[in-house]
Amino acid sequence: DSGVTQTPKHLITATGQRVTLRCSPRSGDLSVYWYQQSLDQGLQFLIQYYNGEERAKGNILERFSAQQFPDLHSELNLSSLELGDSALYFCASSPRVAASTDTQYFGPGTRLTVL
Amino acid sequence: GNSVTQMEGPVTLSEEAFLTINCTYTATGYPSLFWYVQYPGEGLQLLLKATKADDKGSNKGFEATYRKETTSFHLEKGSVQVSDSAVYFCALRSAGNMLTFGGGTRLMVKP
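Residues numbered from 1 in each chain as written. Chains lettered and ligands numbered in written order. Predicted model: local features only at pLDDT ≥ 70, side-chain atom pairs only at ≥ 80, totals over all residues. Heavy atoms only, no water.

A. Focus on the packing of aromatic side chains. Per the counting criterion, the structure on display carries 12 aromatic pairs over all chains. Look at Tyr35(A) and Phe101(B): their rings are 5.7 Å apart centre to centre, the planes differ by 85 degrees, and that puts the pair in the edge-to-face class. With Tyr35(A) in strand β4 (residues 31-38) and Phe101(B) in strand β11 (residues 99-101), this pair bridges two chains. Overall, Tyr35(A) belongs to the buried group, its relative accessible area being 0%. (Phe/Tyr/Trp six-rings, centres within 6.5 Å; stacked < 30°, edge-to-face > 60°. Helix = DSSP H or I, 4+ residues; strand = E, 2+ residues; numbered from the N terminus. Buried < 20%, exposed > 50% of the residue type's maximum accessible area, 1.4 Å probe, protein only.)

B. Layout of the state of the cysteines. Residue and element names in this part refer to chain A. Applying the stated criterion across every chain yields a total of two disulfides over all chains. Paired through a disulfide, Cys23 and Cys91 show a sulfur-sulfur distance of 1.8 Å. With the S-S dihedral at roughly -50 degrees, the linkage between Cys23 and Cys91 falls on the left-handed side. In this pair, Cys23 sits in strand β3 (residues 19-24) while Cys91 sits in strand β9 (residues 87-94), placing the two residues 68 residues apart along the sequence. (Disulfide = S-S within 2.5 Å.)

C. How the structure looks around the interface of chain B and chain A. Listed as interface residues are 19 residues of chain B and, on the opposing side, 21 residues of chain A. Here chain B packs against chain A, burying approximately 1600 Å² in sum over the two surfaces, 53% of which is carbon and sulfur. On inspection of chain B and its partner chain A, the count reaches five residue pairs in polar contact (both at pLDDT 80 or more). At four residues, the largest contribution of residues to the side of chain B that touches chain A is made by strand β5 (residues 32-38) of chain B. Partitioned by chemical class, the residues of the side of chain B that touches chain A number 10 nonpolar, six polar and three charged. (Contact = heavy atoms within 4.5 Å. Buried area = accessible area lost by both parts, 1.4 Å probe. Polar contact = N/O pair within 3.5 Å; in protein donor to acceptor, adjacent residues only side chain to side chain. Nonpolar A, V, L, I, M, F, W, Y, C, P; charged D, E, K, R; others polar.)

D. Looking closely at unusual backbone geometry. With an omega of -10 degrees, the peptide bond between Thr7(A) and Pro8(A) qualifies as cis. Structurally, the position occupied by Pro8(A) is in the loop between β1 (5-7) and β2 (10-13). Geometrically, the link from Gly9(B) to Pro10(B) is a cis peptide bond, its omega value of 0 degrees lying close to zero. Phi is positive for Glu16(B), which is not a glycine, with a value near 75 degrees. Taking relative accessible area as the criterion, Glu16(B) reaches 60% and is therefore assigned exposed.

Below is the structure:
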């Protein structure tokens, strides 16, 4: 158990809908990262938050957004869903904002299926 | 930009065989290198890491050495078990914070 929790575990929805994925980081970690794992794109970094502020953006679509709340949990919002958004979404956390030596600990993921 | 290249799988081995999964990288600066493992139906778990050249990461019988001269971080295990069957991801992390992953290598170990 990494200490990172994600809910829900599975999510099935229809095209055009909007969903919210939730992540709680390990106790004491201030950085939260979101990654998408899909068959065709592999594992891709989406976005990073540190102590409530956005710090880095990767290949995140404009239809997707995220935020980190004062209690440090984070939510990833996916809107106008398309079939191609079906993927496993991982959250990870680490203690600091920019230490390349820090390990990122991953949650179990949320499997999103868009029908 | 940063990139990680792993050997394509699946790799199929018999129990107690020697394992090597190749990983090479391209990065600016001095990245840290990681191997993560994903067991069926589960999330990513850190297997081992190395943060500077010539460091050797090790865990659960797996080893990998950070080779700056060949920009490689090959994963090895002397004797694999059926329970090692999983997908293995090589990754790097530089000053940009995010992890850059390779495509993953599926390992299947047969009894």
